[in-house]
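Structure at a glance
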Amino acid sequence: MRLERLTANKIKIFLTSDDLMERGLSKEDIWKESSKWNQLFHDMLEEASIEFDVDIQGSVAVEIFSLQAQGMIMIITVNGVKEDEDLLYDGLIEMQVRFGSYEHLLYEFAEFEDLIRALKRLAAAEIRGGSIYATNHHYYLLMDHLEAGKNEMAACIISEYGNTSIQSPYVLAEYGNLIIKNTAVETILQYFND
């Protein structure tokens, strides 16, 4: 499990499929009213509260994004606590949960060399395509329009070199610098094949 503070009242939690399995859960359990799932969620909130010194109580909005083979990302937004509700809920948390899914893979790399290594491994697995963006001293690899069945393999390979990103492809297109469009694997092999 990885925690990251996005803003003063937003926290990103990334759970791998292994994290879920260790706790006896699957991604499908989210859809059910499960005591295991509720316990996991409260444990995550408690850990985030301690790590970021945030008092999480009252109303929180939760967005859950499934990342196919990688696991899931949860964005927790802590809303302002109303004084009247504080007395009514006595420290309980009221959740508003929204589900989404990614049909693409988007990874962030701090070093260009790590991106090159990932793309070479994708080429060895006969996975082609991808777009590369740069912004805020990081590189982003967007893999979309993959052949059927290639998403899971691509996710496994890329996750060895980069981190999943919650950045939207639309935000990258608007504010990032497009370096290579739709041919990242082929182009990198052409220039960095040793």
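Notes on the structure in this doc start here. Just so it is clear, the model here is predicted, and its values are computed rather than measured. (Residues numbered from 1 in each chain as written. Predicted model: local features only at pLDDT ≥ 70, side-chain atom pairs only at ≥ 80, totals over all residues. Heavy atoms only, no water.)

Brief notes about the nonpolar core
In plain terms, the rule: To form a nonpolar core, buried Ala, Val, Leu, Ile, Met, Phe, Trp, Tyr and Cys residues must be joined to one another through side-chain atoms within 4.5 Å. Exposure is judged per residue with a 1.4 Å probe applied to protein chains only, and the accessible area is read against the type maximum: over 50% gives exposed, under 20% gives buried, and values in between give partly exposed. Under the DSSP-based scheme used, a helix requires at least four consecutive residues in state H or I and a strand at least two consecutive residues in state E, with every element numbered from the N terminus. By the convention used here, residues are in contact when the closest approach between their heavy atoms is within 4.5 Å.
In terms of nonpolar packing, the biggest core is built from 23 residues, with Leu119, Leu122, Ile132, Leu141, Met143 and Ile158 touching the most fellow members. The set of elements that each furnish at least two residues to this core consists of β6 (105–109), α4 (112–124), β8 (138–143), α5 (150–158) and α7 (184–192). Take this core: its biggest share by element is six residues, from α4. In this view, Ile132 contacts Leu115, Leu119, Tyr140, Leu141, Asn177, Leu178, Ile179, Ile180, Ala184 and Ile188; residues no more than four positions away in its chain are not counted. Counting residues in hydrophobic clusters, the runner-up holds 22 residues, among them Leu15, Leu45, Ile56 and Met72.

A word on the packing of aromatic side chains
For the record, the criterion: Two aromatic rings, drawn from Phe, Tyr or Trp (for Trp, its six-membered ring), form a pair once their centres lie within 6.5 Å of each other, and the interplanar angle then sorts them: stacked below 30 degrees, edge-to-face above 60, tilted otherwise.
Inspection of every chain in the model, using the stated rule, returns two aromatic pairs. An angle of 65° between the planes, with centres 6.0 Å apart, marks the rings of Phe112 and Phe192 as edge-to-face. In this pair, Phe112 is assigned in helix α4 and Phe192 in helix α7, connecting sequence segments 80 residues apart. Three or more aromatic residues joined by ring pairs form one cluster here, namely Phe112, Tyr139 and Phe192.

So, the pattern of salt bridges
Going by this rule: The working definition used for a salt bridge is a side-chain nitrogen of Lys or Arg within 4 Å of a carboxyl oxygen of Asp or Glu.
Here the structure, examined in full by the defined rule, presents two salt bridges. Note that Arg117 is salt-bridged to Asp114, the shortest N-O span being 2.7 Å. Taken together, the positions of Arg117 and Asp114, both in helix α4 and three residues apart, correspond to about one turn of that helix. Residue Arg117 is classed as partly exposed on the basis of its relative accessible area, which comes to 43%. For Asp114, a relative accessible area of 24% puts it in the partly exposed group. One salt bridge connects Arg121 with Glu160, and the closest N-O pair in it is separated by 3.0 Å. Here Arg121, found in helix α4, pairs with Glu160, found in the loop between α5 and β9 (163–164); they are 39 residues apart in sequence, far enough to count as distant. The exposure class assigned to Arg121 is partly exposed, which follows from its relative accessible area of 33%.

Some points on the sheet that holds strand β10 (residues 177–180)
Rules: Any two strands with at least two DSSP-identified bridges between them are counted as paired. Note on geometry: axes are C-alpha line fits, over the in-contact stretch for helices, and angles between N-to-C directions span 0 to 180 degrees.
Reading across the sheet, the five strands line up as β9-β6-β8-β7-β10 and stay open at both edges, with antiparallel pairing between neighbours. Of all the strands in the sheet, the pair left with one neighbour each is β9 and β10. As paired elements, strand β7 (residues 131–135) and β10 share three bridges and run antiparallel to each other. Bridging across to β10, Tyr133 finds its partner in Leu178. Across the sheet, α4 touches β6, β7 and β8, and the angle it forms with β8 is around 20°.

Quick notes on the pairing of β6
The element β6 is extensively covered by neighbouring structure, given that four of its five residues are classed as buried. In terms of strand pairing, β6 meets β8 through five bridges, oriented antiparallel. Paired with Leu105 across the bridge in β8 is Met143. Of the pairings in the sheet, the one linking β6 to β9 comprises two bridges and is antiparallel in character. Counterpart to Tyr107 in the pairing with β9 is Thr164.

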